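Analysis of the macromolecular model
These are the residues of each chain, in order.
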There are 2 protein chains.
Amino acid sequence: MNTNDNIENDIVVPTDQLVFIPLGGATGIGMNFFAYGYQGKWLIVDCGLGFPGENLPGIDCLLPDPKFLASRKSDIVGMVITHAHEDHIGAIGYLWHDLQCPIYCTAFANELVESKLDEMGLLGRADTHVVSSGDIITLGPFEVEFIRMNHSLPEPNALAIHTKAGLVVHTGDWRLDNDPVLGQEPDLKALKALGDEGVLALVCDSTNASGEHQAGTEEDVRKTLTEVIGKYPNVQIAVGCFASNVARVESIYEAAKANGRDVCLLGRSLWRIDAAARATGYLKDVPEFLSEEEALERPRGSVLYICTGSQGESYSALNNLAAVTPNKNSVYFGADDVVIFSSRVIPGNEKAIALLQKRLAAKGIVIVTDKDALVHVSGHYAGEELKQLYEMLKPQIALPVHGETLELTYHSNMAKKYGVPHVYCLEDGEAIALNAEAPEILGEVPSGILAVDGKQIIPLNAEVIKKRRKMMDEGSAVLTLVIDKDGHVLGTPQLSTFGLLASDSADQEELLERITHAMAEIDPSRLDDDTLIKDTMKHTIRQFLNEKYGKKPLMDVHLIRV
Amino acid sequence: MNTNDNIENDIVVPTDQLVFIPLGGATGIGMNFFAYGYQGKWLIVDCGLGFPGENLPGIDCLLPDPKFLASRKSDIVGMVITHAHEDHIGAIGYLWHDLQCPIYCTAFANELVESKLDEMGLLGRADTHVVSSGDIITLGPFEVEFIRMNHSLPEPNALAIHTKAGLVVHTGDWRLDNDPVLGQEPDLKALKALGDEGVLALVCDSTNASGEHQAGTEEDVRKTLTEVIGKYPNVQIAVGCFASNVARVESIYEAAKANGRDVCLLGRSLWRIDAAARATGYLKDVPEFLSEEEALERPRGSVLYICTGSQGESYSALNNLAAVTPNKNSVYFGADDVVIFSSRVIPGNEKAIALLQKRLAAKGIVIVTDKDALVHVSGHYAGEELKQLYEMLKPQIALPVHGETLELTYHSNMAKKYGVPHVYCLEDGEAIALNAEAPEILGEVPSGILAVDGKQIIPLNAEVIKKRRKMMDEGSAVLTLVIDKDGHVLGTPQLSTFGLLASDSADQEELLERITHAMAEIDPSRLDDDTLIKDTMKHTIRQFLNEKYGKKPLMDVHLIRV
């Protein structure tokens, strides 16, 4: 990936070759954003956001920098969406203005895309089109075919991008589960037909590439949940799962029903996805879920709660359960109640989840995870499924994307083992001409990461983020100093510190003494030099705070002359 | 665990019963610090530090709060150390002043404890004693026997604490490896003898309690490393491992030697442990390691580098290898060179490690981990070893400590399954009277966590940490306003912001207009009220910054009247 300023000039993109450029999501997880160029036109696949780690204080979310495509706005023929997860659609609202192209996605994804556009006041301005698995749409020189896959939410599709220069299959997130409980089985027939037609390149997810063979199917999870819930009669039970996992929500409902429990949803995103799912024909056989108020009227132990927060997120339903004390107005869990984690641990969330579980256990709540029973299976392929896909498609070029280093490396090695002649792991911004004989890395185009910081969108390497990191560790301080024309300090200098020390009057006195002393040391002939005085003060205060507290804060001096 | 202010009065500790109180390390990982009380005397086991997560900005390390023991200083008969890991000895330098008791540990641990005391200027003041496995020392009413175990560093011991009220076995970190490559096999005979004598209580580590059966021994790792290194002739090879894992360092040396490579250490802590190991008779058959300078004189591909930084730590040797460009003065790794991760992923470090691996892979460096080959085994027991220990000791009371919730829960369930009549998972600060018939939770004593913040030691819940967290997200701002007696603003108000925005002159102008306007709105009769003016200004600036940037900074106002 290029930082924003490195690449002065774009590469020359040949118009007679099919070019692929990952602009987000090539390496690592999040921010899926891919461009295909052919005959001077550009097709976008997905437009997702990323989640900032704790090393990016104050940042709400991350976006792929759209500048390469923004400067080609009039040549963008459309954006196609593989599926409705945040890391594939979450940036649309932020970046649409830079792209201004029609959007094509399935009905379920469209519900969520439109709510994002609505939040940004773009509903009606952005041109959205609903497609279905099996559809083929023509966007300039690209014919895009939507091919049904399996994943942990409704309507995941791989895209077969047909062009005169060849066929590319872009998988999105997928697994091949021939016994899915929601939606239909994957369209193996269509995939095989693509293989027969001849696949030039396969752009394929790597999230869980090195994972062992899947332990089971969603149907197995449904059975296990039914058994586990049955083991704990007459106590409160909550199940944490990802809000978008509609199949899991249905599985939990079925498992609750089999045990005579009604189901209540706790957490806003669960209700949001529930609405999108029902609006597009899912959960048809599932009665409306209970609200928290309704659930509170039922006898304790008769309701099953589906909760957000399985990743230990603050302000989520599970975190509330860990915090709440007995009261009339909210659901309370205590000793011998049960919380089931029906989800995987997303890398990076280990500590937050461990802390949540510690707090739950401290209340005597029994915790069940996928270590105890098969209460979760992944929506990403593992084991033999990758081999199966490569055997069906037989691509000339493999382009593993979207995974941590070890997964990308594993995926590359597998692709070579499966006999793919050309295998590339690109960085974001790297452009490749897809050509079965001699694929060519063309160079790098401008790319990068933007950070949503409150109401601003700033480059990830912005000075403000660096300062925030320093301030986190070292604090900040501002001194106001009033001096007369002769450089005498008037009144008491005022010092404000943040993140440093509980104000200690003895320290303050000592500091003021040092300031007065430092002022007296300045050559009287130079007392008209504001910069000199400010620098002297910064040095004096930094030295004092470093001696005393081992801290070197960010500093400013307000010098007032009267 | 109690926060520092909750517990006003200590419980009454009966002098005729043996009492156990975890003061750190009961739940979670880190900060091992345990107290045993009998006949009015106190024995301390271990005194370790903890590592702060990224949610504790600016904090260097964590310490268990010693206040309960500090107020009983004259009754402390001694501190005994199970082994030399930081989470068992790292707090000694910080807390010795509060405890001032003799310290008993093995020779290897003593090297490291003394260097900690030296750093704090306490060497010679603290009374340290070297013991060996098999020794029995009498400390007041406690007879403490050191029993050889296995772990990932030299000289780990379990402690058999003999008293007239019964025998407690305190394991420290351990595994039972009957084929260790460093030190001798665990002293199963002594453990069995304790079982025959009758064990009242077992205080036992839980770090990896639910782990599957160990994949192998250190001897197996040695063989695998030899094979893996042999697969990559003539390229640079680095192996990342924990500095304290002297057995691993020796394994890597043997594997390098078998492949005709000399070994260079990169990283300060490796050299520190190397010195401690050699000073106490370890690494006898291993020639002095090469320094970086010496290694640079050797042909490329003829040296093997042992590196710090397998957890992705900044400023570590592996992070340097990922960053460095070709030059004459430091070791350079590039395309096709190899980095072997001979270590586990400590929970919480997943993201840092993934980032390190991504940076290494971006240079074309080949990465080998324990997913690819058996290049690491844990120093903590797993699978059947726990059962073996319980079968030997047959305790009346099991006290699982030191593990995340799921591990503690698993350990408790296992202890019950193995037939232990009484099983307790205590919180830090909870006191239990150890009595085979009816163990009794006595209540809570003052405990808590302290944070090392530069040169200060502050309570973990200190206001300054909360402010730092807020400041991370929202920034900070200070306004200096000079007014005359009539409340007219003199000159230009000065505003400093930190972590907010790149200063934008248009914004600054707008803000100053608002300030002037807000001053004009104040009832003239109240212009002598500093608090009113400051609050008005804070409100005005906060509102402006929130509208403009979505941020509500920490704020202060310096009001100058002239």
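Quick notes on the rules
- Residues numbered from 1 in each chain as written.
- Chains lettered and ligands numbered in written order.
- Predicted model: local features only at pLDDT ≥ 70, side-chain atom pairs only at ≥ 80, totals over all residues.
- Heavy atoms only, no water.
- Pairing = 2+ DSSP bridges.
- Helix = DSSP H or I, 4+ residues; strand = E, 2+ residues; numbered from the N terminus.
- Axes fitted to C-alpha atoms, helices over the stretch in contact; angles between N-to-C directions.
- Contact = heavy atoms within 4.5 Å.
- Core = buried A, V, L, I, M, F, W, Y, C linked by side-chain atoms within 4.5 Å.
- Buried < 20%, exposed > 50% of the residue type's maximum accessible area, 1.4 Å probe, protein only.
- 1 Å grid on protein atoms, 1.4 Å probe; cavity = no way out; pocket = protein on both sides within 12 Å on 5 of 7 lines; lining within 4 Å.
- Points joined across faces, edges and corners; volume = space filled by probe spheres on them.
- Nonpolar A, V, L, I, M, F, W, Y, C, P; charged D, E, K, R; others polar.
- Salt bridge = Lys/Arg side-chain N within 4 Å of Asp/Glu carboxyl O.
- Expected span 1.5 Å × (residues − 1).
- Least-squares fit on C-alpha atoms with pLDDT ≥ 70 in both.
- Arc of directions from axis to C-beta.

**Examining the sheet that holds strand S15 (residues 303-307) of chain B**
All names here are of chain B. Taken together, five strands build an open sheet; the order of strands is S14-S15-S13-S16-S17 and the sheet is parallel. Only two strands of the sheet have a single neighbouring strand rather than two, namely strand S14 (262-266) and strand S17 (366-368). The mean angle between the axes of side-by-side strands here comes to 20 degrees, regardless of whether they run parallel or antiparallel. Sheet analysis places strand S16 (residues 338-341) next to S17, joined by three bridges and oriented parallel. Within S17, the residue paired with Ile-340 across the bridge is Val-368.

**Looking at the sheet that holds strand S23 (residues 456-459) of chain B**
Residues and elements named next belong to chain B. Taking strand neighbours across the sheet as the criterion, the three strands line up as S4-S22-S23 in an open arrangement whose pairing is antiparallel. Both edges of this open sheet fall to strand S4 (61-64) and S23, since each of them pairs with a single strand only. Ignoring strand direction, the axes of neighbouring strands in this sheet form an average angle of 35 degrees. Strand direction decides the pairing type here: strand S22 (residues 449-453) and S23, joined by four bridges, are antiparallel. Bridged to Leu-450 within S23 is Pro-459. In the packing of helix H3 (residues 92-99) onto the sheet, contacts are made with S4, S22 and S23, and the angle to S4 comes to roughly 30 degrees.

**Here we look at the nonpolar core**
One recurring pattern in soluble globular proteins: nonpolar side chains tend to sit buried together. One finds Leu69(A), Met79(A), Ile92(A), Leu99(A), Phe108(A), Ile306(A) and Ile340(A) to be the most contacted residues of the largest nonpolar core, which totals 76 residues. For this core, the element with the most residues is helix H7 (residues 246-258) of chain A, which contributes seven residues. Excluding residues that lie within four positions of it along the chain, Ile92(A) makes contacts with Cys47(A), Met79(A), Ile81(A), Ile103(A), Val113(A) and Leu117(A). Judged by nonpolar contacts, the second largest core, of 75 residues, contains Ile11(B), Leu23(B), Ala126(B) and Val239(B).

**Focus on the layout of surface pockets**
In this structure, the second largest pocket encloses a volume near 1,000 Å³. Around the second largest pocket sit 39 residues that line it, and Ile367(A), Thr405(B), Thr409(B), Tyr410(B) and Asn413(B) are the ones nearest its centre. Of all the secondary-structure elements, those providing two or more residues to the lining of the second largest pocket are helix H11 (350-362) and strand S17 (366-368) of chain A together with helix H13 (405-417) of chain B. A per-element tally of the lining of the second largest pocket places H13(B) first, with 10 residues. Split into classes, the residues belonging to the lining of the second largest pocket amount to 18 nonpolar, 10 polar and 11 charged.

**Thoughts on the pattern of salt bridges**
One pass over the structure, following the stated rule, counts 34 salt bridges over all chains. A salt bridge links Arg300(A) to Asp337(A); the shortest N-O distance between them is 2.9 Å. Taken together, the residues Arg300(A) in the loop between helix H9 (292-296) and strand S15 (303-307) and Asp337(A) in the loop between helix H10 (317-323) and strand S16 (338-341) connect sequence positions 37 residues apart. Where Glu288(B) meets Arg278(B), a salt bridge forms, and the shortest distance between an N and an O atom there is 3.9 Å. Here Glu288(B), found in the loop between helix H8 (268-279) and helix H9 (292-296), pairs with Arg278(B), found in helix H8; they are 10 residues apart in sequence, far enough to count as distant.

**Side note on helix H6 (residues 218-230) of chain A**
The terminal C-alpha atoms of H6(A) lie 18 Å apart, and with 13 residues this matches the ideal 18 Å at 1.5 Å per residue to within 8%. All of the buried residues along H6(A) are Glu218(A), Val221(A), Arg222(A), Thr224(A), Leu225(A), Val228(A) and Ile229(A).

**Observations concerning the relation of the copies chain B and chain A**
In the superposition of chain B on chain A (RMSD 0.1 Å, axial shift 0.0 Å), the rotation amounts to 180 degrees. One copy is carried onto the other by what is essentially a two-fold rotation axis. A shared binding surface is used by both copies, with 98% of the interface residues of chain B retained as interface residues in chain A.

**What about helix H11 (residues 350-362) of chain B?**
Between its terminal C-alpha atoms H11(B) stretches 18 Å, which fits the 18 Å expected from 13 residues at 1.5 Å a residue. All of the buried residues in H11(B) are Glu350(B), Ile353(B), Ala354(B), Leu356(B), Gln357(B) and Leu360(B). Looking straight down H11(B), one finds that the buried residues subtend no more than 160 degrees of arc, so they occupy a single side. Buried residues in H11(B) make contact with H11 and helix H13 (405-417) of chain A together with helix H10 (317-323), S16 and S17 of chain B. Phi turns positive one or two residues past the end of H11(B), at Gly364(B), with a value near 85 degrees.

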